[in-house]
Amino acid sequence: QQFNVTAYGATAVAFISLQAFAGMWINAFIVCVVCIAWIKTKTLNSNEKILLFLGCSRFGHLCFSSLYSCLAIMYPHFLYVQPTYTVIVSMQNFFNYSNLWVSACLSIFYCVKIASFINSFFIYLKVKIDTIVPWLLLGSVLLALAVAIFSYKFAGTVHCNHSTGQGNFSNVSITMDDVFFPMYFISAFGFVTSFMVVITPALLLLFSLWRHKRTMQTNSMKDLSMDAHIKAMKSILSFLVMYSINFVFLILIMSSAMKEENSMTFVIYVFLHAFPAVHSLILIFSNPKLEKTLLSILPCVKCKLCMR
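Owing to the predicted nature of the structure, the values given are computational and were not obtained by experimental measurement.

1. Focus on the UniProt feature "transmembrane region" (unreviewed entry) in the chain
UniProt records the feature "transmembrane region" (unreviewed entry) for residues 12-39, 59-80, 100-125, 132-152, 183-210, 231-254 and 266-285 in the present numbering. Along residues 12-39 the backbone is 100% helical and 0% strand, and the end-to-end C-alpha distance reaches 40 Å. In residues 132-152, helix accounts for 100% and strand for 0%; the two terminal C-alpha atoms are 30 Å from one another.

2. What about the packing of aromatic side chains?
Summed over all chains, the structure comprises 7 aromatic pairs. When the centroid spacing of 6.3 Å and the interplanar angle of 15° are considered together, the rings of Phe195 and Tyr243 count as stacked. Here Phe195, found in helix H5 (residues 177-218), pairs with Tyr243, found in helix H6 (residues 225-254); they are 48 residues apart in sequence, far enough to count as distant. In terms of burial, Phe195 and Tyr243 fall into one category: buried. For Tyr243, a relative accessible area of 2% gives the class buried.

3. What to know about helix H2 (residues 46-74)
Taking 1.5 Å per residue as the helical rise, H2 with its 29 residues ought to reach 42 Å, and the 42 Å between its terminal C-alpha atoms agrees with that figure. For H2, the tally of buried residues reaches 22 of 29 residues, placing the bulk of the element in the interior. For H2, the side-chain oxygen to backbone nitrogen distance between the N-cap and Asn47 is 3.2 Å, and the N-cap itself is Asn45.

4. Here we look at the pattern of salt bridges
Side chains that carry opposite charge are capable of pairing whenever their charged atoms lie near each other. With the rule as written, the count across this model stands at 2 salt bridges. When the shortest N-O distance is used, the salt bridge between Lys289 and Glu48 registers 2.8 Å. Here Lys289 is found in helix H8 (residues 288-307), whereas its partner Glu48 is found in helix H2, with 241 residues between them in sequence. Relative accessible area serves as the criterion here: at 11%, Glu48 is assigned to the buried category. Residues Asp130 and Lys113 are paired through a salt bridge, measuring 3.9 Å at the closest nitrogen-oxygen approach. With Asp130 in helix H4 (residues 120-162) and Lys113 in helix H3 (residues 84-114), this residue pair connects regions lying 17 residues apart in the sequence.

5. Describing the environment of Leu203
Considering the arrangement of structural elements, one finds Leu203 in helix H5. For Leu203, a relative accessible area of 47% gives the class partly exposed. C-alpha separation for the pair Leu203 and Ser107, spaced 96 residues apart in sequence, amounts to 9.8 Å.

What counts, and where the lines are drawn
- Residues numbered from 1 in each chain as written.
- Predicted model: local features only at pLDDT ≥ 70, side-chain atom pairs only at ≥ 80, totals over all residues.
- Heavy atoms only, no water.
- UniProt positions renumbered as here; feature names shortened; annotations may be inferred.
- Helix = DSSP H or I, 4+ residues; strand = E, 2+ residues; numbered from the N terminus.
- Phe/Tyr/Trp six-rings, centres within 6.5 Å; stacked < 30°, edge-to-face > 60°.
- Buried < 20%, exposed > 50% of the residue type's maximum accessible area, 1.4 Å probe, protein only.
- Expected span 1.5 Å × (residues − 1).
- Polar contact = N/O pair within 3.5 Å; in protein donor to acceptor, adjacent residues only side chain to side chain.
- Salt bridge = Lys/Arg side-chain N within 4 Å of Asp/Glu carboxyl O.

This is the structure:
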């Protein structure tokens, strides 16, 4: 997407940069807390492994995505100077797909760990999930790396085929849908696959939690896990809504209909940069260790800011 360099563009850059900085801080906090716990205990459970990978991928995604968005808004022609364009696009795709597929791993993990279904395959997964998680994370990283390598070679090929060789970047055109169809197809396939992998276990988990909650209410049971189940349902439901909107916006941002709609594109960019931060906050407040650490840090930060 290319924007005119106006006050509107400057506002968009400032807003996106602020969102990206907040998101990077939140995910850096998750990574730091998990790494400190890793150093202290010398071990990581499956949930912490997923959070570590997710925090790192979202930090990198926000970093390169905000850089790409700011360059596309303020200096669009600079993107077509090699190797700037190919490096930024490939790194952005790597962290973006890592973020999407590690989120899918988190959804699968929560479903298998929390949901209760009487099924031999599901019981087998529940027993083996701790050994499966590292392979899921490895597969996510390898798939993201494959997409990044493809996008790097593809972006370099497109640039070479459309460069004028005369140093006039205003003649460089990389906007043809036919040329970008392979990249659009790979991106759409990755988005749809990760979306289905996230939605299916999340819906199964919601159904299991709702059934368990209903059973406890019917039997008039005062179970301490009741509040935990309601909290888990709210967390998963909010994630489902956010991820669904994120999926729709990812598809829209690739469509030709969005090329001239600057105001709508700005709204989409705002949400795409807000999603990693907001969902990471949900993960923090649904994890007792992360929530306790964050609440203990905030008063110290507030006191230091007041002293200044």
